[in-house]
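Secondary and tertiary structure notes
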Amino acid sequence: MRWRRILVPAVMTGRELARRGLALGLLTALPLAFYGASADHSDNAITTGGIAMAFSIAGASIFVAMTARPVDQRLILAGYRPWELLLGRLLLLELFGVLVAGIFSVVMVFGSSPSDPWLVAGGVGLVSLSSVPFGLAVGEIAPHELEGVLVLIGVVGVQLTLDSSQAASRLLPFWGAARLMDRAGNVVSTIGPAVPVDLLYAVALFVLAIYIMHRRSPAAAARPAA
Amino acid sequence: MSALQTHTDTIAPPPPAPAQPQLEARGITKRYGSRLVLDRASLSVAAGESVAIIGENGAGKSTLMRICAGLIRPDGGEVEVLGRVGYCPQQPGLFDLLSADEHLELLAPALGMRREAALRQGHELLAEFAFPVAERTQTRHLSGGARQKVNLALALLGGPTVLLLDEPYQGFDHGAYVSFWEHVARWTSLGMGVVVVTHLLADRDLVDRVVELRIPQLDAPPTP
């Protein structure tokens, strides 16, 4: 029955998220506006729109983590493991991310006619994949929603500002995705280790989120599960 | 006289052995920064016993409860628990956008219960507190008292052996408050150990034992 301990938190996260329709709509509209504003005059429009998509998915993940925080201690005390709660949320949020990434891929492929549409889809997919653990980790670490959102704006903003060829860009969680989308827009000629670097980053952030949640309820998390 | 005493001692049944504590916290110390919140505090509750924790604001009552529940780590001392702790926090830890039933469903896998069993038992508990079980409202739309009833039912779900209740009747009307103490008597009669943090003087007469926490006097420098 272990799967129920992952599936049920995922379902409840989905119901909660679905009841935040307006907030989700606004979160999705923001990066679409970024793309729309630069689509007809910038070579970087695809990268800008794709990376800005992290605002939507990581933003939703931060809100999920933050609203769950006061309840998580009760859930862990009842017998959930931190990794079960976070894995359930990760799976549901990745599903949401795939949906948003699909919308963005279609809009940007038709809007910018890139030479390789699959690279756009890959880049946007990678943003979606990395955004959830990034948002969950920020949601676990930041003391309040305001600080969490400021970290999100800071990291995504700096990633948007930096050229993917710059060394500092490699230190951020969406470098690989930016590289893929830059290649799709013929801004750079090679991809390099873009995909494994972002995947590794995503795994590290997810492990960090589990670690922080575990630290928050030390004794309860260490008790044997029901 | 002394012979009689000896005789009485012989025929009287042996005194009951002290019940084994369901929860025992010894020498609990906790600091928040340089502020000493708990200084070698102790708490124990046996099966079938009710204990009230009293003390001024800032005496560390809630902190001690959270340490006993395993939600925060003490800087010193140890906690031993037999069985499972049910914890009802002062502020109801609920998802604003989920209903009471959805909270019951969410807790079911953690407690090793089937969904149907958790809903059935949860509805029984909620009905005992006169919570409208048919209610499907998201908890953000519930009154303070109704949220607290959900909070209490979630703490009781799955039948814990020790119940830690941190001012559990905030927002209750008089009837619900009286009913709450009737329930405490019933839970202890079933062998549950119950600890209640309270500010109400009248509550002292309703429990088996009272533990008073005092604000530690010295704000000693933090231990390295």
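1. Some words on the overall build of chain B
What chain B contains, in helices and strands, is 6 helices and 8 strands. Along chain B, from the amino end to the carboxyl end, the secondary structure elements read α-β-β-β-α-β-β-α-α-α-β-α-β-β. Within chain B, buried positions represent 42% of all 224 residues. Looking at chain B alone, contacts between residues at least 24 apart form 73% of all its contacts between residues at least 6 apart.

2. Describing the interface of chain A and chain B
Each side of the interface is counted separately: chain A has 25 residues, and chain B has 20 residues. For the side of chain A that touches chain B, the class distribution of residues is 14 nonpolar, 4 polar and 7 charged.

3. Concerning the domain arrangement of chain B
Residue and element names in this part refer to chain B. When cut into domains, chain B gives domain 1 (18-83 + 161-224) and domain 2 (96-160). A C-alpha centroid distance of 24 Å is found between domain 1 and domain 2. With 12 residues of domain 1 at the contact, the number on the domain 2 side is 11 residues. Among the elements of the structure, β6 (162-166) and α6 (174-189) are those that each provide at least two residues to the side of domain 1 that touches domain 2.

4. Focus on the sheet that holds strand β3 (residues 50-55) of chain B
Residue and element names in this part refer to chain B. Spatially, the 5 strands line up as an open sheet ordered β5-β6-β7-β3-β8, and their pairing is parallel. Each end of this open sheet is capped by a strand with a single partner; those strands are β5 (85-88) and β8 (209-213). Direction aside, neighbouring strands of the sheet carry axes that sit 15° apart on average. By the bridge criterion, 5 bridges tie β3 to β8 in an arrangement that is parallel. Along β8, the bridge assignment pairs valine 51 with arginine 209. Along the sheet, helix α2 (residues 61-69) contacts β3, β5, β6, β7 (193-197) and β8; its crossing angle with β6, the most-contacted strand, is approximately 150°. Contacting β3, β6 and β7, α6 crosses the sheet at an angle of about 150° to β7.

5. Structural notes on the confidence of the model for chain B
Residue and element names in this part refer to chain B. When pLDDT is averaged along chain B, the result is 86; 88% of the residues meet or exceed 70. Confidence over residues 1-13 falls short of pLDDT 50; this stretch has 0 contacts with residues more than four positions distant or in other chains. Two summary scores accompany this predicted model of the complex, namely pTM at 0.86 and ipTM at 0.87.

6. Digging into the packing of helix α1 (residues 4-18) of chain A against helix α3 (residues 100-110) of chain B
At a minimum axis distance of 8 Å, the contact between α1(A) and α3(B) shows a crossing angle of 160°. As summarised for this structure, α1(A) and α3(B) are arranged roughly antiparallel, according to the angle between their axes. Both α1(A) and α3(B) take part in a crossing whose hand is left-handed. Residue-level inspection shows Arg4(A), Arg5(A), Val8(A), Pro9(A), Met12(A) and Arg15(A) of α1(A) in contact with α3(B), the latter providing Glu102(B), Glu105(B), Leu106(B), Pro109(B) and Ala110(B). Taken together, the residues of the contact of α1(A) with α3(B) break down into 6 nonpolar, no polar and 5 charged.

7. Here we look at the confidence of the model for chain A
When pLDDT is averaged across chain A, the result is 90; 96% of the residues are at 70 or more. By mean pLDDT, helix α9 (residues 218-222) of chain A is the weakest element of chain A at 64, and α1(A) is the strongest at 95.

8. Some details on the sheet that holds strand β4 (residues 76-81) of chain B
Residue and element names in this part refer to chain B. Spatial strand order, β2-β1-β4: 3 strands in an open sheet with antiparallel pairing. Because the sheet does not close on itself, it has two edges, and the strands there are β2 (35-46) and β4. Strand-to-strand twist in this sheet, taken as the mean axis angle between neighbours without regard to direction, amounts to 15°. Bridge count for strand β1 (residues 21-32) against β2 is 8 bridges, and the pairing is antiparallel. Within β2, the residue paired with arginine 31 across the bridge is leucine 36. Packing of α2 onto the sheet brings it into contact with β1, β2 and β4, and relative to β1 it is tilted by some 125°.

9. Points about the packing of helix α7 (residues 175-184) of chain A against helix α8 (residues 194-216) of chain A
Residues and elements named next belong to chain A. Close contact between α7 and α8 brings their axes to 7 Å; oriented N to C, the two are set at 150°. The pairing of α7 with α8 is recorded here as roughly antiparallel in orientation. The crossing of α7 and α8 is left-handed. Here Trp175, Gly176, Ala177, Arg179 and Leu180 of α7 lie close against α8, whose contacting residues are Ala194, Val195, Val197 and Asp198. Residue classes in the contact of α7 with α8 are distributed as 6 nonpolar, 1 polar and 2 charged.

Each value, and the rule that gives it
- Along each chain, residues carry numbers from 1 onward, in the same order as the chain's sequence is written.
- Each chain gets a letter, beginning with A, and each ligand a number, beginning with 1, in the order they are written.
- At least 70 in pLDDT is required for a residue's local features to be given in this predicted model, at least 80 for side-chain atom pairs to be given and counted, and no such filter applies to totals for whole chains, interfaces and linings, which use all residues.
- Put simply, DSSP marks the helices as runs of H or I at least four residues long and the strands as runs of E at least two long, and each gets a number from the N terminus on.
- Residues are called buried when their C-beta atom has 20 or more other C-beta atoms within 10 Å, exposed when it has 12 or fewer, and partly exposed otherwise; all C-beta atoms are positioned from the backbone.
- This entry defines residue contacts through backbone-placed C-beta atoms, with two residues in contact when those atoms are within 7 Å.
- Under this grouping Gly is polar, as are all residues other than the nonpolar Ala, Val, Leu, Ile, Met, Phe, Trp, Tyr, Cys and Pro and the charged Asp, Glu, Lys and Arg.
- Note that domain bounds follow an automatic or database assignment of domains.
- Note: two strands are recorded as paired if DSSP finds a minimum of 2 bridges between them.
- Only the stretch in contact is used when a helix axis is fitted, and all axes are lines through C-alpha atoms; the angle between N-to-C directions ranges over 0 to 180 degrees.
- The predictor attaches a confidence to each residue, called pLDDT, with possible values from 0 through 100.
- Geometric relationships in this document are graded by angle, where less than 35 degrees denotes roughly parallel, more than 145 denotes roughly antiparallel, 65 to 115 denotes roughly perpendicular, and other angles denote oblique.
- For a crossing to be left-handed, the near helix must be turned anticlockwise from the far one by less than a right angle; the clockwise case is right-handed.

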